[in-house]
Amino acid sequence: MHKAKVEKIQSELRGANQPVSLAKSSLQSNTTRPSDYKKSTKKLSADCLNQIISIDPVQMVAVAEPRVSMLQLAQETFKQGLIPLVVPEFKGITVGGAIMGCGGESSSHNHGLFHDICNSFELLLGDATVVTASKSENRELFEAIPGSYGSLGMLLSAEIRLQRALPWVTLEIERFSSGLEAIERMRELINKVEPPEYCEGIIFSENDAALIVGRQTEEPAENIFSDGPFAPWYYAFIQKEKTTFSVPLIDYLFRHDRGAFWMGAYVLHAPILKKLFAEGIWKLQNPKPFTAEEQLKFSSLKTPTGLLNPLTYSFTTSQKLFRLLHSCEDWVNERFIVQDFTFPEETVSGFLAEMQKSSPLYPLWLCPVKAQKIEPLFAPHSLNGANSINIGIYGIPNSKKSIMESLRDLESALHRYKGKKWLYTNSTYTPEEFWSIYDHAQYTKLRKQYNAENVWVSIENKVL
């Protein structure tokens, strides 16, 4: 079955006489930048590549096609008492998206990003040949694929490492009076001989932050959190919770799906919702940027409570929110910052301190990531061989500066503190700035070596 699907795609690629891109998926893309580059390309559909090919409970690996969602992968492996070592937090993120665009989670301080738990990739090259890339075969390609957004080859399947799964995750919350204190405690925890199984942080304000650490368990604690129409959003629950609690494993893996962390809370501002539809989607009015006063007002979240929880439940999933975003990408990008910046753990505090002064935005997500032995071409971790901490910056800054001014300032600080950004989102980089960060010579060499030139769209045309 898989072979027949691959042969069909190979045949379509051989008939292409222009640059090629993937057709729109039935699942909403988790990128936030426009995909205008696709307009002049031939579209290859990958929606047929949506199956888990095998799950081996002895070797503890799964082989999955690229359009398998994280929810599908987690549920099917969990039926056999297994779970991937890293599961990105949105249900609709796909295997291909988590490899080509990178994906991390609260187990990343132990295992790296999602692609770091993959043993091999099956890839379609620009000349329609199929190759396997791994540490022992086509290694240069294997190490360059993560974060390359399909510009070196098309993913056909991946072998993913699994671990034994228990039914519950039991978590403890540590509170801090500043984000800087939380980061120092996070560094201490992840560098222990036996670090916690799961570790993440949320900075709620300049003087309120939490670390949430946990482990899988057979039995739950007395206090239980589980997703459902009447449950609070996870981040809001953490902001108020003070005791140890347990979450069903699958609910824990996708705890940030409802509300897409907290981005859905902005849509609950009635004036924002009105502008989004009138200016962004229906285009009944000429779009106007938020005024400085509006920006300051909207920067505070409007999280649902009480009856609003069940009333908003169905349309505040990450997939529904990304559908809204993709219906008016430019409108959203001109009014919101959605960025992930990863820093060597020793520099992240300096960036946070500067950000709090220049473009304060809360909440912020903290996710530590284990360094790998290689220096990746595009993946935003293993910075100078050091462990790193990712800061998720999602929302409207409490600042009178425009969104693009704030983003430019943040990107400037990112480089001063030796960090890298995730390329799923919009950038202010020029091509020259982009290639001053990434290895253009190595990328050009690989594009030529693996027949990607003039077939797969180059990465700078995708992400800039």
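In the block above lies the structure referred to throughout.
Residues numbered from 1 in each chain as written. Predicted model: local features only at pLDDT ≥ 70, side-chain atom pairs only at ≥ 80, totals over all residues. Heavy atoms only, no water.

Trainee: How do you make sense of the packing of aromatic side chains when you look at a structure like this?
Mentor: Each aromatic ring pair is specified by the distance between its two centres and by the angle formed by the two planes. Tallied over the entire structure, the rule returns 27 aromatic pairs. Arranged with centres 5.6 Å apart and planes meeting at 70°, the rings of Tyr266 and Phe336 form a pair that is edge-to-face. Of this pair, Tyr266 sits in helix α9 (residues 264-267) while Phe336 sits in the loop between α14 (329-333) and β13 (337-344), and the two are 70 residues apart along the sequence. Of the two residues, Tyr266 and Phe336, neither departs from the other in class, the shared state being buried. Taken together through their ring pairs, the aromatic side chains of Phe90, Tyr235, Phe261, Trp262, Phe322, Trp365 and Tyr394 make up a single cluster. If you follow Arg33 out to its NZ or CZ, it ends over the ring of Tyr149, 4.6 Å from the centre. Above the face of the Tyr429 ring, Lys421 is positioned so that its terminal group lies 5.4 Å from the ring centre. (Phe/Tyr/Trp six-rings, centres within 6.5 Å; stacked < 30°, edge-to-face > 60°. Helix = DSSP H or I, 4+ residues; strand = E, 2+ residues; numbered from the N terminus. Buried < 20%, exposed > 50% of the residue type's maximum accessible area, 1.4 Å probe, protein only. Lys NZ or Arg CZ within 6 Å of the ring centre and 35° of its normal.)

Trainee: I would appreciate a short explanation of helix α15 (residues 348-358) in the present structure.
Mentor: Because each turn of an α-helix spans 3.6 residues, side chains separated by three or four positions in sequence point in the same direction. What α15 keeps buried is the set Val348, Ser349, Phe351, Leu352, Met355 and Gln356. Relative to the axis of α15, the buried residues are bounded by an arc of 155° and lie together on one face. Where α15 is buried, its residues meet α6 (179-190), β10 (198-205), β13, β14 (364-369), β15 (388-395) and α16 (403-416). (Arc of directions from axis to C-beta. Contact = heavy atoms within 4.5 Å.)

Trainee: Would you mind showing me how to read the packing of α15 against α16 here?
Mentor: What describes two packed helices is the angle between their axes and the distance between those same axes. Relative orientation of the contacting elements α15 and α16 amounts to 160°, with a least axis distance of 10 Å. Considering the angle they form, α15 stands roughly antiparallel to α16. Seen along the crossing, α15 lies across α16 with a hand that is right-handed. In contact with Phe351, Glu354 and Met355 of α15, α16 contributes Leu410, Ala413, Leu414 and Arg416. Broken down by class, the residue content of the contact of α15 with α16 amounts to five nonpolar, no polar and two charged. (Axes fitted to C-alpha atoms, helices over the stretch in contact; angles between N-to-C directions. Parallel < 35°, antiparallel > 145°, perpendicular 65-115°, else oblique. Left-handed = near helix turned anticlockwise from the far one by under 90°. Nonpolar A, V, L, I, M, F, W, Y, C, P; charged D, E, K, R; others polar.)

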